[in-house]
Amino acid sequence: MELIPDRRLRALRTALRFWFDAGAAGSAPPAGLEPSRRIDWLRVAPFVALHLTCLAAFWTGTSSVAIAIAAALYALRMFAITAFYHRYCSHRAFAVSRTVQFLFALLAASAGQRGPLWWASHHRHHHLHADRPGDAHSAHLDGFLWSHVGWFMARENFAARRELVADLARYPELRFLDRFDVLVPLGLAALLYAVGELLAVHAPDLSVTGPQLLVWGFCISTVALCHATFTINSLAHRFGTRRYATTDNSRNNLWLALLTLGEGWHNNHHHFPGSARQGFRWYELDFTYYLLRILAHLRLVSNLRDVPATVLDARPARPAGPSRPSKEAA
Ligand SMILES: [Zn+2]
Ligand SMILES: [Zn+2]
């Protein structure tokens, strides 16, 4: 007798497969799981669990070492996301060797924001449709929650938009990181646990344990990193000032720039996305760009693209953002 699994069992099996093999999302989805705006809670259960695990800090306690490691991993991985997934992979704002490209990809992949092809392809798509019908995460059209977290939890956005990243998909190592996007974050989590256990044995005065380093260094640091990154899709299209009359609703926001090492100058960025720097004025802090300049000095990156003077001096034709298009137009 053939055992026919019920719909829930099939959905669970599919979710389990996608947790470990995101490339499976590129194949034809099973019946009932077709791309749609519906949030697939089973598929995103690890992301939800990551948030809940942060509560374990009440059980593990904390230490100055755990907080320092959490902060350092936040800053390092934020730099990898903004410099590499965003400015390099999405916009080709500078050049790197293939080895440096892979090392940056590895570091950015540890941020738990899926793989380089997925990240860059959805971001390129955002620039093509920003705040107009078709934009996958428009805060202007779909509100805060959808633009912050809803869009990437929906079935229609699980697969990379491969047609937009043919240049990146040429590299098998990037395709591997993209397909098995859970491997690097899991590896970092395991490494932190092991380091914490070693410190507990060999340096007990530090009051560090494996579970404590796992919770602070990975879970809390990664959750903070994710939500800081997501504010650029949600808050940076709602709150701040507009220097340039872009066709979207992007804003410049100092607080978001500080939180994301320079990504908060989002109106500047939408005005000229190909630039390696997003703080266009000397007083617009852009730590990612400063670090890229240091890496250029060390010859690890090259050809940092700048903003042409004519683009820099363009003035807005109108002070506010675009009028709100109707959803029906989609
Ligand atoms: Zn944007
Ligand atoms: Zn961009």
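Turning next to the overall build of the protein. When its secondary structure is counted, the protein shows 15 helices and two strands. Relative to the compact-globule value of 20 Å for 330 residues, the protein shows a C-alpha radius of gyration of 21 Å, a close match. Along the longest, intermediate and shortest principal axes, the C-alpha atoms of the protein span 65 × 60 × 40 Å. For the protein, the residues scored as buried account for 41% of the 330 residues in total. A separation threshold of at least 6 residues defines the contact pool for the protein, and within that pool the share at least 24 residues apart is 68%.

Here helix α4 (residues 64-90) crosses helix α6 (residues 116-129) at 60°, and the two axes come no closer than 9 Å. One finds that α4 runs oblique with respect to α6. Crossing angle aside, the handedness with which α4 passes α6 is right-handed. Taking contact as the criterion, the partners of Y85, H86, C89 and S90 in α4 are, on α6, P116, W119, A120, H123 and R124. A class-by-class count of the residues in the contact of α4 with α6 yields five nonpolar, three polar and one charged.

Where α4 contacts helix α11 (residues 210-234), the axes come no closer than 8 Å and their chain directions differ by 35°. You can see that α4 and α11 cross each other, and the crossing is right-handed. Taken together, the residues of α11 that come into contact with α4 (itself represented by A66, I67, I69, A70, L73, Y74, R77, M78 and I81) are Q212, L213, W216, G217, I220, S221, A224, L225, A228 and T229. Its residues assigned to classes, the contact of α4 with α11 comprises 14 nonpolar, four polar and one charged.

Among the nonpolar cores identified, the biggest contains 48 residues, and A80, F84 and A108 are the most heavily contacted of them. Mapped onto this core, the elements with two or more residues apiece are α4, α5 (98-109), α6, α9 (172-179), α10 (183-202), α11 and α14 (287-297). Considering every element that reaches this core, the biggest residue donor is α4, with 14 residues.

In this model, α5 (12 residues) spans 16 Å end to end at C-alpha, consistent with the 16 Å of a helix rising 1.5 Å per residue. Among the residues of α5, those classed as buried are Q101, F104, A105, A108 and A109. All buried residues of α5 lie within an arc of 130° about the axis, which places them on one face of the element. Lining the buried residues of α5 we find α4, β1 (95-96), α6, α9 and α10.

Below, the discussion takes up unusual backbone geometry. Residues other than glycine seldom take positive phi values, yet R92 does so here, at roughly 50°. Mapped onto the fold, R92 is located in the loop between α4 and β1. Judged by C-beta crowding, with 16 C-beta atoms within 10 Å, R92 ranks as partly exposed. For R299, which is not glycine, the phi torsion reads 65° and is therefore positive. Along the chain, R299 falls in the loop between α14 and β2 (301-302).

Per-residue pLDDT for the protein has a mean of 90; in total, 90% of the residues score no lower than 70. Across residues 323-330, where pLDDT falls below 50, the model places eight contacts with residues more than four positions away in sequence or in other chains.

About the criteria used
- Residues numbered from 1 in each chain as written.
- Chains lettered and ligands numbered in written order.
- Predicted model: local features only at pLDDT ≥ 70, side-chain atom pairs only at ≥ 80, totals over all residues.
- Helix = DSSP H or I, 4+ residues; strand = E, 2+ residues; numbered from the N terminus.
- Rg over C-alpha atoms; globule rule 2.2 N^0.38 Å.
- Buried ≥ 20, exposed ≤ 12 C-beta atoms within 10 Å, placed from the backbone.
- Contact = placed C-beta atoms within 7 Å.
- Axes fitted to C-alpha atoms, helices over the stretch in contact; angles between N-to-C directions.
- Parallel < 35°, antiparallel > 145°, perpendicular 65-115°, else oblique.
- Left-handed = near helix turned anticlockwise from the far one by under 90°.
- Nonpolar A, V, L, I, M, F, W, Y, C, P; charged D, E, K, R; others polar.
- Core = buried A, V, L, I, M, F, W, Y, C linked by C-beta atoms within 7 Å.
- Expected span 1.5 Å × (residues − 1).
- Arc of directions from axis to C-beta.
- pLDDT = per-residue confidence, 0-100.

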